[in-house]
Amino acid sequence: MTSSGSWFFWAALSACFAALTAIFAKVGIRDIDSDFATLVRTVIIVFLLAAFVLCAGKWSDPRNLSSKTSLFLALSALATGASWVCYFRALQVGEASKVAPVDKFSLVLVAVFAFAFLGERPSAREWFGIGLVASGVVVLAFKR
């Protein structure tokens, strides 16, 4: 697989794992508070990822990170935590088949934010696809 095509492989794997996340989480939060479930999930992720980074020899001293990198990683972590809390709360009270697609409205927001803040310029064809995703979310989220 070429390096230009490898992003799709990893993105597709991410989508598969994200789908499993919704199913496993929906079952896992049946009898506990969604915020506590998010904490348990996060602790497991921390240990798993730490082991992966250490075993893969990818550990580096976090004190060597620039202040800009540290700031944006911290902001990303805060956004991730808020997203997970909201996602688990939504899964606890809603159907996974409806919650997950609405959560993926983030695709539309990423495109808009990347346009506004990163200077990315999707093509007309890409905007059309993004619009289709937005339309799908509206169809799934709102009943007559």
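Up top is the structure.
Described in the following lines is the structure provided in the data block. (Residues numbered from 1 in each chain as written. Predicted model: local features only at pLDDT ≥ 70, side-chain atom pairs only at ≥ 80, totals over all residues. Heavy atoms only, no water.)

### Focus: the side chain of Ser34
For step 1, the next point in the chain: The residue Ser34 is located in helix H2 (residues 34–55) in this model.
For step 2, the next point in the chain: Residues contacting Ser34, with those up to four places away along its chain left out, are Phe88, Arg89 and Gln92. (Helix = DSSP H or I, 4+ residues; strand = E, 2+ residues; numbered from the N terminus. Contact = heavy atoms within 4.5 Å.)

### A few points about the packing of aromatic side chains
For step 1, the next point in the chain: Overall, the coordinates contain 5 aromatic pairs when judged by the stated rule.
For step 2, the next point in the chain: Judged by centre distance (5.6 Å) and plane angle (85°), the rings of Trp7 and Phe8 are edge-to-face.
For step 3, the next point in the chain: Judged by centre distance (6.4 Å) and plane angle (55°), the ring pair of Tyr87 and Phe88 falls under tilted.
For step 4, the next point in the chain: Cation over ring: Arg41 sits above Trp84, and NZ or CZ is 4.4 Å from the ring centre.
For step 5, the next point in the chain: For the cation-ring pair, Arg121 lies above Phe115, with the distance from its terminal atom to the ring centre recorded as 3.9 Å. (Phe/Tyr/Trp six-rings, centres within 6.5 Å; stacked < 30°, edge-to-face > 60°. Lys NZ or Arg CZ within 6 Å of the ring centre and 35° of its normal.)

### A few points about the packing of helix H3 (residues 67–93) against helix H4 (residues 96–103)
For step 1, the next point in the chain: In contact at an axis separation of 9 Å, H3 and H4 are set at 155° when each is read in the N-to-C sense. Relative to H4, H3 is oriented roughly antiparallel. Along this stretch, H3 crosses H4, giving a crossing that reads as right-handed. Listed contacts from H4 to Ser83, Tyr87, Ala90 and Leu91 of H3 are Ala96, Val99, Ala100 and Asp103.
For step 2, the next point in the chain: Taken together, the residues that form the contact of H3 with H4 break down as 6 nonpolar, 1 polar and 1 charged. (Axes fitted to C-alpha atoms, helices over the stretch in contact; angles between N-to-C directions. Parallel < 35°, antiparallel > 145°, perpendicular 65-115°, else oblique. Left-handed = near helix turned anticlockwise from the far one by under 90°. Nonpolar A, V, L, I, M, F, W, Y, C, P; charged D, E, K, R; others polar.)

### Description of a nonpolar patch on the surface
For step 1, the next point in the chain: Taken together, the side chains of Ile32, Phe36, Leu39, Val40, Val43, Ile44 and Phe47 define a hydrophobic patch exposed on the protein surface, amounting to about 660 Å² of accessible area.
For step 2, the next point in the chain: Of note, Val40 is situated in helix H2. (Patch = residues over 30% accessible without salt bridge, like charges linked within 9 Å, V, L, I, M, F, W, Y side chains within 5 Å. Areas by Shrake-Rupley, 256 points an atom, 1.4 Å probe, with all protein chains shown as cover. Salt bridge = Lys/Arg side-chain N within 4 Å of Asp/Glu carboxyl O.)

### Considerations on the environment of Ala18
For step 1, the next point in the chain: Turning to its location among the elements, Ala18 is positioned in helix H1 (residues 3–28).
For step 2, the next point in the chain: For Ala18, a relative accessible area of 25% translates into the label partly exposed. (Buried < 20%, exposed > 50% of the residue type's maximum accessible area, 1.4 Å probe, protein only.)

### Comments concerning the nonpolar core
For step 1, the next point in the chain: Counting 10 residues, the largest nonpolar core is built from Ala22, Ala25, Ile29, Ala37, Tyr87, Phe88, Leu91, Ala96, Val99 and Ala100.
For step 2, the next point in the chain: Mapped by element, the contributors of at least two residues to this core are H1, H3 and H4.
For step 3, the next point in the chain: Beyond its immediate stretch of four places on either side in the chain, Ala25 contacts Phe88 and Leu91. (Core = buried A, V, L, I, M, F, W, Y, C linked by side-chain atoms within 4.5 Å.)

### Digging into the packing of helix H5 (residues 106–117) against helix H6 (residues 124–141)
For step 1, the next point in the chain: Put simply, H5 and H6 touch, their axes get as near as 9 Å, and they point 140° apart. As far as their axial angle goes, H6 and H5 are oblique. Within the contact between the two elements, H5 uses Leu107, Val108, Ala111, Val112 and Phe115 and H6 uses Trp127, Ile130, Val133 and Ala134.
For step 2, the next point in the chain: Tallied by class, the residues present in the contact of H5 with H6 amount to 9 nonpolar, no polar and no charged.

### A look at the pattern of salt bridges
As a working rule, side chains carrying opposite charge can pair if their charged atoms are close by.
For step 1, the next point in the chain: Applying the stated criterion to the full structure yields 4 salt bridges.
For step 2, the next point in the chain: Residues Arg89 and Asp35 are paired through a salt bridge, measuring 2.5 Å at the closest nitrogen-oxygen approach. Here Arg89 is found in helix H3, whereas its partner Asp35 is found in helix H2, with 54 residues between them in sequence.
For step 3, the next point in the chain: By relative accessible area, which is 41% here, Arg89 ends up partly exposed.
For step 4, the next point in the chain: Taking the relative accessible area as the measure of exposure, Asp35 reaches 32% and is therefore partly exposed.
For step 5, the next point in the chain: In this structure, the salt-bridge partner of Asp61 is Arg63, at a minimum N-O distance of 2.8 Å.
For step 6, the next point in the chain: Look at Arg63 and you get exposed, because its relative accessible area is 72%.

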